[in-house]
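One-letter residues, chain by chain:
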Amino acid sequence: MTDGLQAALPREMYVDEGHWASEREAVLYAEWYCAGRVDDLGLGTPKRVVAVDVGGESVLVTSDEDGTLHAAYNVCRHRGSQLCAPGQPARDAGSLRCPYHSWTYALDGSLLKAPHATVADPAAFALHPVGVETWQGFVFVHLTPEQARPLAEQVAHAQAALRNYGIGDLVTGQVLRYDVAANYKVLLENYNECYHCGPVHPELSRLVPSFAGGGAALDWDGGIPHREGAWTFTMTGTTERAPLPGLDEQERVRHKGDLAYPNLMLSASADHVAAFVLHPRAVDRTEVVCSLLFARDAVADPAFDPSDAAELWHLVNQQDWAICESVQRGMSSRAYAHGWFAPMEDDSLDIRRWLLPLLERRDG
């Protein structure tokens, strides 16, 4: 410790390709990973399939005849061909047929047919399984399902903090997509502190004045109050949309946020929730899907217009991603060894408390 400062994670955890490969195994492949919203992935109806990318691994997520979700590696057990092309939207499917030799699988991954081949034990040739669960309308997958802890444990804090928002009943009103030239942990750390809000987010700080004060002693459990007369995240601080049902008196005029490691950030306003799903693509690149979630009846209204919320969020997002990319460039310098956490950044220390035990478990 130096003058109240604590050392942050070392440089190689953000810029080194070797560490990136190890971290994928220890974290992205060994924790529940948010793939996105059930409906937005196209899995809200039976007999559907989509391929999602999890840190470079292609995973099939299917909805079977009963609407039950299943997941498996996108790898045919015969010769390794991918069964579905990555990057394509979800499609209807009664089964999964390999395009190479037509080995065919049921939507639960079991082998149905191996043309011109005798397979004595079809169960031994099922697709390699991936864990799949849902929480509040989000799909989570686990690439090492035999080691998975219950998803409820991983999202417990977010569940408690945001229980009144009914996130599972909300629907996507607008999606903002970004390609950020920074390590995903830079984005997580940035989200976890408001020390930067004054310099980086002047418009947001005018909306929520306490954000401009260095970020110390913010009561995230109780929510952060807006300026007088404001109650939601729009440029004016107001909207014609009604507050979400179920909120308590404070939540109707305050802002809340939470983070479900490794890749789901939730920012809750009285009338909508901004959900950020981070997709790490490389040691220095992260795709971000920002979904603005609203009440179902609000989105169904012919006059629905999310642009007031989207305007503010797009501005704040662009400011965040620009500073995160600056951090990534600076971390890549030979002059950088590690950063420091100031006292008001204590929440940012969570990334060490979360990440280091996972890495130690793998090394041990």
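Please read these numbers as outputs of a predicted model, since none were measured by experiment.

(A) Region of interest: the sheet that holds strand β9 (residues 111–113). With respect to topology, three strands assemble into an open sheet ordered β7-β8-β9, the strand pairing being antiparallel. Only two strands of the sheet have a single partner each, and these edge strands are β7 (96–97) and β9. Pairing analysis gives two bridges linking β7 to strand β8 (residues 104–105), with the strands arranged antiparallel. Looking at β8, one finds that L96 is bridged to Y105.

(B) Focus on the layout of surface pockets. Volume-wise, the largest pocket comes out at about 990 Å³. Residue lining of the largest pocket: 50 residues in total, with Y191, N192, G257, D258 and L259 positioned closest to the centre. Listing elements by their share of the lining of the largest pocket, those giving two or more residues are α3 (151–154), α4 (156–161), α5 (184–191), β14 (254–260), β15 (264–268), α9 (307–331) and α10 (350–363). With six residues, the single largest contributor to the lining of the largest pocket is β14. When its residues are assigned to classes, the lining of the largest pocket shows 27 nonpolar, 11 polar and 12 charged. When its volume is computed, the second largest pocket comes out at roughly 570 Å³. Together, 26 residues line the second largest pocket, and A35, L41, R177, H279 and V289 are the ones closest to its centre. Of all the elements in the fold, those that place two or more residues in the lining of the second largest pocket are β2 (33–37), β3 (48–54), β12 (171–180), β16 (272–282) and β17 (285–294). Partitioned by chemical class, the residues of the lining of the second largest pocket number 13 nonpolar, six polar and seven charged.

(C) The sheet that holds β15, seen in detail. In spatial order, the strands read β12-β17-β16-β15-β14-β13; together these six strands make up an open sheet with antiparallel pairing. Bordering the open sheet on either side are β12 and β13 (224–225), each of which pairs with just one other strand. Taken together, the 10 bridges between β16 and β17 define a ladder with antiparallel strand orientation. Looking at β17, one finds that H272 is bridged to F294.

(D) Layout of the state of the cysteines. Applying the stated criterion across every chain, the model contains one disulfide. Shown here is the disulfide that connects C194 with C197, its sulfur atoms set 2.0 Å apart. Negative torsions about the S-S bond denote left-handed disulfides, and the value of about -105° found for C194 with C197 makes this one left-handed. Of the cysteine sulfurs around C98, a residue in no disulfide, the closest is that of C76, at 3.9 Å. The thiol of C290 is not disulfide-bonded; the next cysteine sulfur, from C34, is found 13 Å away. Residue C290 is classed as buried on the basis of its relative accessible area of 0%.

Conventions used here
Residues numbered from 1 in each chain as written. Predicted model: local features only at pLDDT ≥ 70, side-chain atom pairs only at ≥ 80, totals over all residues. Heavy atoms only, no water. Pairing = 2+ DSSP bridges. Helix = DSSP H or I, 4+ residues; strand = E, 2+ residues; numbered from the N terminus. 1 Å grid on protein atoms, 1.4 Å probe; cavity = no way out; pocket = protein on both sides within 12 Å on 5 of 7 lines; lining within 4 Å. Points joined across faces, edges and corners; volume = space filled by probe spheres on them. Nonpolar A, V, L, I, M, F, W, Y, C, P; charged D, E, K, R; others polar. Disulfide = S-S within 2.5 Å. Buried < 20%, exposed > 50% of the residue type's maximum accessible area, 1.4 Å probe, protein only.

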